[in-house]
Each structure stands twice: as structure tokens, then as C-alpha cells.
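Single-letter residue listing:
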Amino acid sequence: MGGLVIYSSYIRPAYEGVKKLRGEVAVKQQALDDQDNAIKQVQSLIKQFESVSQLQDKISLFFPPEENVPQSLVQLESLSRITGVSLEAVNPQYIADNSAVKKKEGLASVIKSIGKTRFSVKVSGSYEGLKNFIKGLAESIRIFDIADFKLESGGSEEGYYTINLSVDNYYQTQ
């Protein structure tokens, strides 16, 4: 009889309190798990945005975000110096319709519409130097397409040539 009094007075209320506390712990644990899942999802989204941002930075190297004629001119001049040819003339021609390439469906968030600037370039030098100049255009980080090409003999000098090129350079339009 004394055990029943102790059970009903002390143990049973304590057991009910323990059950109530276990329920609160379970609810708080579930809330904590939900927060952890939310944090992981946010971190995953941040990584995705960072990778898109890094991709945009890489694309901007060969498709700059704006028409940058001075940078293209410097690149052409540097290439001529490296290959040992003489850059005699460079004339940018601004193309009225700058919709060279329309948006592609999976790349719309990374690449905007693409415009182009055409350069009339005249270079002179040895056959090997001119060949290396053209190869350098093809391998440049900026995209240069040769639209027109005319090779002329350098006149009285043996092995000296002149090339007149029309070169298209691309950039992202807004």
C-alpha cells in the first residue's frame, strides 16, 4: 500500500513530466533538423550561384561584357609584336546590326546577345611570321574570326608578304 502511495504521488507525476519533456525534445529536434536542411539547401544554392558567376567570368574573357575596341587593338598589336610582323594599319568598323548571334536556350542566363566589331587589318612580314600571326588570332582568348583574307607579295624583297584581313571580334551586348 505504501508503494502505491509513493507511485501515485511521486513516480507517476515524474513519469508524466518525462513524457512531456521527451515530446518537447522531439519537436525541438525536428525543428533543428528542418533548420539544418534549410541551411544545406541555401548553401547549395550559394554554390550554384558562385559557379554561374565563375562561368560568367570565364565567358567574359572571350566574350567581354561590352564592346572594348582598345583592348582588341592592344591584343592585335601585341600579337604582331610577338610574331615579328609589322602591323601597318588597323581600322575598326562598327557594324550597325550587333545581333551577330542570338541567345541560345540553356545559355541565356550566362551569355547575353553577342555583337561584333570588324577590324580591317594590314600586316607585313615573313611568311612564317604571318602564318604565326594568323595562328595567334585563331588561338587567342578573345574570339577573332577572319572574314576576308588577301595575300600580296611584298614587292622587291624576297620572302616578304603583306596580308589584308577583315577580322571579326565578338562581345556581349546588353
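Residues numbered from 1 in each chain as written. Predicted model: local features only at pLDDT ≥ 70, side-chain atom pairs only at ≥ 80, totals over all residues. Heavy atoms only, no water.

As for the overall build of the protein
Okay, step 1: Each helix and strand in the protein was counted, giving three helices and four strands.
Okay, step 2: Reading the protein from its N end, one meets helices and strands in the order α-α-β-β-α-β-β.
Okay, step 3: Summarising the internal contacts of the protein: among those between residues at least 6 apart in sequence, 73% fall at separations of at least 24.
Okay, step 4: Total accessible area computed for the protein in this model is approximately 11,900 Å², and 56% of it derives from carbon and sulfur atoms. (Helix = DSSP H or I, 4+ residues; strand = E, 2+ residues; numbered from the N terminus. Contact = heavy atoms within 4.5 Å. Areas by Shrake-Rupley, 256 points an atom, 1.4 Å probe, with all protein chains shown as cover.)

Thoughts on the side chain of aspartate 168
Okay, step 1: Looking at the element boundaries, aspartate 168 is found in strand 4 (residues 160-172).
Okay, step 2: Using a relative accessible area of 4% as the deciding quantity, one classes aspartate 168 as buried.
Okay, step 3: At 2.6 Å, the side chain of aspartate 168 and the side chain of arginine 118 are in polar contact.
Okay, step 4: When residues no more than four places from it in sequence are discounted, the contact partners of aspartate 168 are Lys116, Thr117, Arg118, Ile143, Phe144, Asp145 and Ala147. (Buried < 20%, exposed > 50% of the residue type's maximum accessible area, 1.4 Å probe, protein only. Polar contact = N/O pair within 3.5 Å; in protein donor to acceptor, adjacent residues only side chain to side chain.)

A word on a nonpolar patch on the surface
Okay, step 1: The grouping of Ile146, Phe149 and Leu151 at the surface amounts to a nonpolar patch, some 260 Å² of accessible area in total.
Okay, step 2: Along the chain, isoleucine 146 turns up in strand 3 (residues 144-153). (Patch = residues over 30% accessible without salt bridge, like charges linked within 9 Å, V, L, I, M, F, W, Y side chains within 5 Å. Salt bridge = Lys/Arg side-chain N within 4 Å of Asp/Glu carboxyl O.)

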